[in-house]
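A structural walkthrough
Given next are the chains, with one letter for each unit.
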Amino acid sequence: MDGAAVPLLCRYKRRFLVSSGAVRPTWTPLISVLSAHLSLDFYLSLMTDDWSSERHLPVYFMSEKVNIQASIGHHHHHPPLRLYAGSCVATLTPDVDSHPRYPFIDRQGCFTDSQLRGSSSSFLPRVRDDLLHIQLEPFLFHQDRRHSIYITCYLEAVPVSKKDPEKKACSFTAGRWRSADGDDGVCESCDGAGEAAESSSADFIHERVQRNNLEHQINELQRETTLGPITFLPEQE
């Protein structure tokens, strides 16, 4: 008897599909999720004496207090964040690297201007994690007739759940450093900040921000923000 050819068709259950084409993920990459959830805007605003609304006239006499509110605006849900001002520098032009310049907040949140004799500048006690209230005494640059200044602050938002001892908001009050958040122990690194003001780390921070501008655009938790011009006038006769 001649042999017979019997065709067979086998079927197997498959758990996965296989093809020679590139596999495209059906999930959203983590970096995209973080970018969407941490889309932040940073603001510096002049505020009225009672902090209830924004002040629209940026003119002050030397005896007044300048109330500055740093805040975060966001477009998407994000985990709770706490806002800090690592450094703030006053200049006569919008260019943060121009001279003369006066760094009045330094060393990742030490209000060095509050160390000056008779100064009442300070961070006010924090009322909300995403706000920071800065109260500054007006000043003029020595031997310069220009009365308008610009204030540039390096702002950073930190997850509330993350304890970072380098981030702080400290003022020198009643002979010692005090924290706007109530934890005065974080202010220990502010000791000696006044002596280093002229060659301060504020210079380094702002230069670093300029050099690594692309990196900071990617890291949306940090931003250099400028407010001004603000005009300081002598007292009325």
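See above for the structure.
Below, the structure is looked at part by part. Computed from a prediction, not measured in an experiment: that's the story for all the values here. (Residues numbered from 1 in each chain as written. Predicted model: local features only at pLDDT ≥ 70, side-chain atom pairs only at ≥ 80, totals over all residues. Heavy atoms only, no water.)

Turning to the sheet that holds strand E6 (residues 110-111), a few remarks are in order. Within a sheet, each strand pairs with its neighbour through backbone hydrogen bonds, oriented either parallel or antiparallel. Strand order in the open sheet formed by three strands is E6-E10-E11, with mixed pairing between adjacent strands. For this open sheet the edge positions go to E6 and strand E11 (176-179), each flanked by a neighbour on one side alone. Where E6 and strand E10 (residues 170-173) come together, two bridges link them in parallel fashion. Looking across to E10, one finds that Cys110 is bridged to Cys170. (Pairing = 2+ DSSP bridges. Helix = DSSP H or I, 4+ residues; strand = E, 2+ residues; numbered from the N terminus.)

Another aspect to go through is the pattern of salt bridges. As enumerated under the stated definition, the model contains eight salt bridges in all. The shortest N-O distance in the salt bridge between Arg146 and Asp144 comes to 2.9 Å. Looking at Arg146, the relative accessible area reads 43%, which means it is partly exposed. Of the charged contacts in the structure, one is a salt bridge between Asp184 and Arg176, with a shortest N-O distance of 3.2 Å. Judged by its relative accessible area of 25%, Asp184 falls in the partly exposed class. Salt bridges sharing partners connect three or more residues here, namely Glu156, Asp164 and Lys167. (Salt bridge = Lys/Arg side-chain N within 4 Å of Asp/Glu carboxyl O. Buried < 20%, exposed > 50% of the residue type's maximum accessible area, 1.4 Å probe, protein only.)

This part covers the packing of aromatic side chains. Under the definition given, this model contains eight aromatic pairs. A ring pair is formed by Tyr60 and Phe232, whose centres lie 6.3 Å apart and whose planes are at 70°; its orientation type is edge-to-face. Taken as a pair, Tyr60 in strand E2 (residues 59-61) and Phe232 in strand E12 (residues 222-233) lie far apart in primary sequence, 172 residues in all. The exposure classification of Tyr60 matches that of Phe232, with both residues buried. Ring plane angle 65° and centroid distance 5.2 Å describe the contact between Phe111 and Phe123, whose orientation is recorded as edge-to-face. Of this pair, Phe111 sits in strand E6 while Phe123 sits in strand E7 (residues 122-123); the two residues are 12 residues apart in sequence, bridging distant segments of the chain. Within the aromatic cluster, the residues linked to one another by ring pairs are Tyr60, Tyr102, Phe104, Phe111, Phe123, Phe139, Phe141 and Phe232. For the cation-ring pair, Arg55 lies above Tyr60, with the distance from its terminal atom to the ring centre recorded as 3.9 Å. Over the aromatic face of Tyr84 sits the side chain of Arg126, whose NZ or CZ is 5.2 Å from the ring centroid. (Phe/Tyr/Trp six-rings, centres within 6.5 Å; stacked < 30°, edge-to-face > 60°. Lys NZ or Arg CZ within 6 Å of the ring centre and 35° of its normal.)

Once that is clear, we can look at the pairing of E11. Two faces belong to every sheet, and in a regular strand the side chains alternate between them. On E11, burial follows the alternation: Trp177 and Ser179 on one face are buried, whereas Arg176 and Arg178 on the facing-out side are not. The turn linking E10 back onto E11 is made up of two residues, and Ala174 within it adopts a positive phi angle of 55°.

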